Amino acid sequence: MASRAPANQILTANYLTLILAYHTAATGRLLVGFRKWYYNAAGFNKIGLMRDDTIHEDSDVKEALRRLPEKVYNDRMFRLKRALDLSMKQAVMPKEQWTQYEEDVHYLEPYLEEVIRERKEVEEWSKK
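Reading the values: rules and limits
Throughout, residues of each chain are indexed from 1 in the direction in which the sequence is written. Selection of residues for local features in this predicted model requires a pLDDT of at least 70, selection of side-chain atom pairs for listing and counting requires 80 or more, and totals for whole chains, interfaces and linings are taken over all residues. The basis for every side-chain value is the complete set of non-hydrogen atoms in the structure, without hydrogens or water. Think of it this way: any DSSP run of H or I at least four residues long counts as a helix, any run of E at least two long counts as a strand, and we number them from the N terminus. Residues count as neighbours in contact if any of their non-hydrogen atoms are within 4.5 Å of one another. In these tables, accessible area is a Shrake-Rupley quantity obtained with a 1.4 Å probe, and a residue counts as shielded only by the protein chains included in the view. To count toward a patch, a residue needs a relative accessible area over 30% and no salt bridge; like charges are then connected within 9 Å, while nonpolar side chains (Val, Leu, Ile, Met, Phe, Trp, Tyr) are connected within 5 Å. Every case where a carboxyl oxygen of Asp or Glu lies within 4 Å of a side-chain nitrogen of Lys or Arg is listed as a salt bridge. Buried residues are those whose accessible area, probed at 1.4 Å on protein chains only, stays under 20% of the maximum for their type, while exposed residues exceed 50% and partly exposed ones sit between those limits. Asp and Glu are treated as the negative residues and Lys and Arg as the positive ones, with His and the ends of the chain left uncounted. To qualify as a nonpolar core, a set must consist of buried Ala, Val, Leu, Ile, Met, Phe, Trp, Tyr and Cys residues joined through side-chain atoms within 4.5 Å.

### What to know about the overall build of the protein chain
Per the secondary structure count, the protein chain includes four helices and zero strands. Across the protein chain, the fraction of contacts at a sequence separation of at least 24, relative to all contacts at a separation of at least 6, is 81%. Working note: accessible area of the protein chain is about 10,100 Å², and carbon and sulfur atoms make up 60% of it.

### Some remarks on a nonpolar patch on the surface
A surface patch of nonpolar side chains, amounting to about 400 Å² of accessible area, comprises F34, W37 and Y38. As for its position among the elements, F34 is in helix α1 (residues 7-42).

### Details of the side chain of D104
Positionally, D104 belongs in the loop between α3 (70-88) and α4 (109-127). Of the side chains with opposite charge, R51 comes closest to the buried, unpaired D104, at an N-O distance of 5.6 Å. In this structure, D104 is in contact with Y39, F44, M50, R51 and T99, ignoring residues within four places of it in sequence.

### Remarks on the pattern of salt bridges
All chains considered together, the criterion is met by 15 salt bridges. Among the salt bridges present, the one from E118 reaches R67, with a minimum N-O distance of 2.7 Å. You can see E118 sitting in helix α4 and its partner R67 sitting in helix α2 (residues 59-67), a full 51 residues away along the chain. A salt bridge links D85 to K89, with the nearest nitrogen and oxygen atoms 3.1 Å apart. Here D85 falls in the partly exposed class, since its relative accessible area comes to 36%. It is possible to trace a salt-bridge network through shared partners that takes in E63, R66, R67, E114 and E118.

### Quick notes on the nonpolar core
If you look at the biggest cluster of nonpolar residues, it comprises nine residues: M50, V61, A64, L65, L68, Y107, L108, L112 and V115. If you tally residues by element for this core, the top one is α2, at three residues. With residues near it in sequence (within four places) discarded, V61 still touches I55, H56, L108 and L112. The next biggest cluster of nonpolar side chains, apart from the first, holds eight residues, and it includes I47, L49, A83 and W98.

Written out as structure tokens, the structure is:
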């Protein structure tokens, strides 16, 4: 016959599960809040840039940029030119025009992941 846990142990386990779920949700909200704060503190959004516009252009990034659809590439170039102009003028855009954290699309990430995966695959083949 299987032994059953006492009712107080079951209640304690359920209580701990609820507390853990609450703290996990609170931690998640805290992390999102910190990410939003850091996003705004970094300042690139104040001159109209997105996160992927600020990635250092190494060979993988250059290849990913080459693979972008023309409209996405042209939008990126517009944002970069506008940001350079604002930077030279030591100005920022009006606050209502800043890139918002929720609006920032990681447009380059899928292309960059594909390029890195292909490069690693070629490196693996060249080892053999």
